[in-house]
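Chain by chain, the residues run as shown.
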Amino acid sequence: MFRSALLLFVLALVLPAAVKKDPFGRTPAGEAVDIYTLTNAAGLEARIMTYGATVVSLKAPDKGGQKADVLLGFDSLDGYLKEHPYMGAIVGRYGNRIAKGQFSLNGKSYRLAVNNGPNALHGGLRGFDKRVWTAEAKADSVVLKYSSAAGEEGYPGKLDVTVTYTITPANELRIDYRAVADQDTVANLTNHAYFNLSGEPTILNHLVKLEADRFTPVDTDLIPTGEIRSVAGTPFDFRKETPVGTRINASDEQITFGKGYDHNWVLNGPPGTLRKAAEVYSPRSGRLLTVSTTEPGVQFYTGNFLDGSLKGKGGKKYSQRAALCLETQHYPNSPNQPTFPTTVVKKGVPMTSTTVWQFSTR
Ligand code: BGC
């Protein structure tokens, strides 16, 4: 056991990563979509397509070395072209909600496309998840670019976005974000992957640990109230590894508003430095996902709005809590909350951000 682990480790260090490109279909408008397969010698395989810069699948070994896909999604482009809740996609220009789809910047007010009741969610009617990105393969990465026009979905300024996915010998998929605007604007970029580390029908038995002493409570529309609240003594305390299901139905106003967990946790440690944000462990498979980020927050969402109506990979029906998301981000509605870390991207000043998903077993 130890010898084979050692062999894998040595192989991982000496064997280079591989990146392969294949066609993945066309959009109804006739745009060609490609898919890039990134592999390393340690057993991680990520498939990323140019539609939405979406991570289509992510295969990681379990405690017995068995590889399986740990992401919800679809087998072909068709599934992604239909209505679905951002599975594996890059979300932008603004991840999560902006209240009433409105904000002001430099004394001017802006109206965004609203698509979630009265609010703007995840970039609007046609966000970054529904755009075809250009891509370039490198030795161990794929570099995806999308240029969001001024006024798109109501946002000011043109925003040139680059998302680089890199596979590392340490069984990581690293996501580097960069955005440059030609006019002051707001941005909040994240990846909306739905993880299930075991293939069980729900993630209620997964153990979660969040490096966060505080979270941002929400109103009935899931808009942060502006308060920053301690997790101590609440169902939101994941400072110690805890099964997701233990308190998910607690009689707690915040749990009721979210129909479970659908909140932004305020990560400990200084934003802008890459630090551990979360751990997810499946006792069943032994897979451990460690998420690190430079972002100030993480939206921990437990798939509360999945209702079995979506048929995903292999015809599997995705029911409530079939997966969990850890959307590393700035806090929702920051453009309207001056006390939150700013999401303003100044003209010509690059906005950068990094998130790393590392897979191991225990
Ligand atoms: C939001 C949820 C939403 C989900 C899918 C999450 O980031 O917080 O409320 O249902 O994304 O759109």
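All values derive from a computational prediction rather than experimental measurement.

Undergrad: Mind showing me how you'd approach the overall build of the protein chain here?
TA: Scanning the protein chain for helices and strands turns up 3 helices and 29 strands. Against the globule reference of 21 Å for 362 residues, the protein chain gives a C-alpha radius of gyration of 19 Å, in line with a compact fold. Over its C-alpha atoms, taken along the principal directions, the protein chain stretches across nearly 65 × 50 × 40 Å. Counting across all 362 residues of the protein chain, residues that qualify as buried make up 56%. Restricting to contacts in the protein chain with at least 6 residues of sequence separation, those with at least 24 account for 65%. About 14800 Å² of surface is accessible on the protein chain, with carbon and sulfur atoms providing 53% of the total.

Undergrad: Hey, could you run me through the pattern of salt bridges in this one?
TA: Pairing is possible between side chains of opposite charge, provided their charged atoms come close. Scanning all chains against the criterion turns up 16 salt bridges. The partner of Asp160 in a salt bridge is Lys158, and the shortest N-O contact between them spans 3.0 Å. Overall, the relative accessible area of 32% leaves Asp160 in the partly exposed class. For the salt bridge of Glu227 with Arg229, the shortest nitrogen-to-oxygen distance reads 2.8 Å. Given a relative accessible area of 34%, Glu227 falls into the partly exposed group. Residues joined in a network through salt bridges with shared partners are Lys209, Glu211, Lys276 and Glu279.

Undergrad: Can you walk me through the sheet that holds strand β17 (residues 207-210) in this structure?
TA: Either a parallel or an antiparallel arrangement is found when strands of a sheet pair, and the pairing is made through backbone hydrogen bonds. Pairing in this open sheet of 9 strands is antiparallel, and the strands run β11-β12-β13-β14-β29-β23-β22-β17-β20 from one edge to the other. In this open sheet, the two edge strands, each paired with only one partner strand, are β11 (134-137) and β20 (242-243). Where strand β13 (residues 159-168) lies against strand β14 (residues 172-181), 10 bridges are found, and the strand directions are antiparallel. Opposite Val163, over in β14, you have Tyr177 as the bridge partner.

Undergrad: Whenever I open this one, the sheet that holds strand β18 (residues 214-216) confuses me. Can you help?
TA: Within the open sheet, the 5 strands sit side by side as β19-β18-β21-β24-β27. Their pairing is antiparallel. Looking at strand neighbours, the two that pair on one side only are β19 (229-230) and β27 (325-329), the edges of this open sheet. Of the pairings in the sheet, the one linking β18 to strand β21 (residues 262-266) comprises 3 bridges and is antiparallel in character. In the strand pairing of β21, Arg214 is matched with Val266.

Undergrad: It is not clear to me how the pairing of strand β23 (residues 287-293) should be interpreted in this structure. Could you clarify?
TA: The two faces of the sheet receive side chains in turn, since in a regular strand these alternate between them. In terms of residue burial, β23 counts as a mostly covered element, since 7 of its 7 residues are buried. The side-chain alternation of β23 yields two buried faces, one formed by Arg287, Leu289, Val291 and Thr293 and the other by Leu288, Thr290 and Ser292. Where strand β22 (residues 275-281) lies against β23, 6 bridges are found, and the strand directions are antiparallel. Looking at the pairing, Glu279 lines up with Thr290 of β23.

Undergrad: For this particular structure, what's the right way to read the environment of Gly233?
TA: Its location among the elements puts Gly233 in the loop between β19 and β20. Of the residues examined, Gly233 reaches a relative accessible area of 82% and is grouped as exposed. Between the alpha carbons of Gly233 and Thr290 there is a distance of 25 Å; along the sequence they are 57 residues apart.

Undergrad: Please explain the packing of aromatic side chains as it appears in this structure.
TA: What the rule picks out here adds up to 19 aromatic pairs. Through a chain of ring-to-ring contacts, three or more aromatic side chains come together here, namely Phe215, Phe236, Phe238, Tyr261, Trp265 and Phe300. Here Arg247 stacks its cationic end above the ring of Phe238, 4.8 Å away from the centre of that ring. The ring of Tyr281 has Arg362 lying over it, and the distance from NZ or CZ to the ring centre is 3.8 Å.

Undergrad: Help me understand the nonpolar core in this model?
TA: As a rule of thumb, nonpolar side chains are buried together in soluble globular proteins. One finds Leu58, Tyr165, Phe195, Trp265, Phe300, Trp357 and Phe359 to be the most contacted residues of the largest nonpolar core, which totals 59 residues. Shared between two domains, this core takes at least three residues from each, and those domains are domain 1 (2-183) and domain 2 (207-345). If you look at the next biggest cluster of nonpolar residues, it comprises 20 residues, including Phe24, Val33, Tyr51 and Leu310.

Undergrad: Sorry if this is basic, but what is going on with unusual backbone geometry here?
TA: Negative phi is the rule for most residues except glycine; trans is the rule for most peptide bonds. The amide bond that connects Gly92 to the next residue, Arg93, takes the cis arrangement and shows omega of 5 degrees. Structurally, Arg93 can be placed in the loop between β6 (90-91) and β7 (97-98). Of note in this structure, Tyr86 is not a glycine but carries a positive phi near 65 degrees.

Reading the values: rules and limits
Residues numbered from 1 in each chain as written. Predicted model: local features only at pLDDT ≥ 70, side-chain atom pairs only at ≥ 80, totals over all residues. Heavy atoms only, no water. Helix = DSSP H or I, 4+ residues; strand = E, 2+ residues; numbered from the N terminus. Rg over C-alpha atoms; globule rule 2.2 N^0.38 Å. Buried < 20%, exposed > 50% of the residue type's maximum accessible area, 1.4 Å probe, protein only. Contact = heavy atoms within 4.5 Å. Areas by Shrake-Rupley, 256 points an atom, 1.4 Å probe, with all protein chains shown as cover. Salt bridge = Lys/Arg side-chain N within 4 Å of Asp/Glu carboxyl O. Pairing = 2+ DSSP bridges. Phe/Tyr/Trp six-rings, centres within 6.5 Å; stacked < 30°, edge-to-face > 60°. Lys NZ or Arg CZ within 6 Å of the ring centre and 35° of its normal. Core = buried A, V, L, I, M, F, W, Y, C linked by side-chain atoms within 4.5 Å. Domains from an automatic or database assignment.

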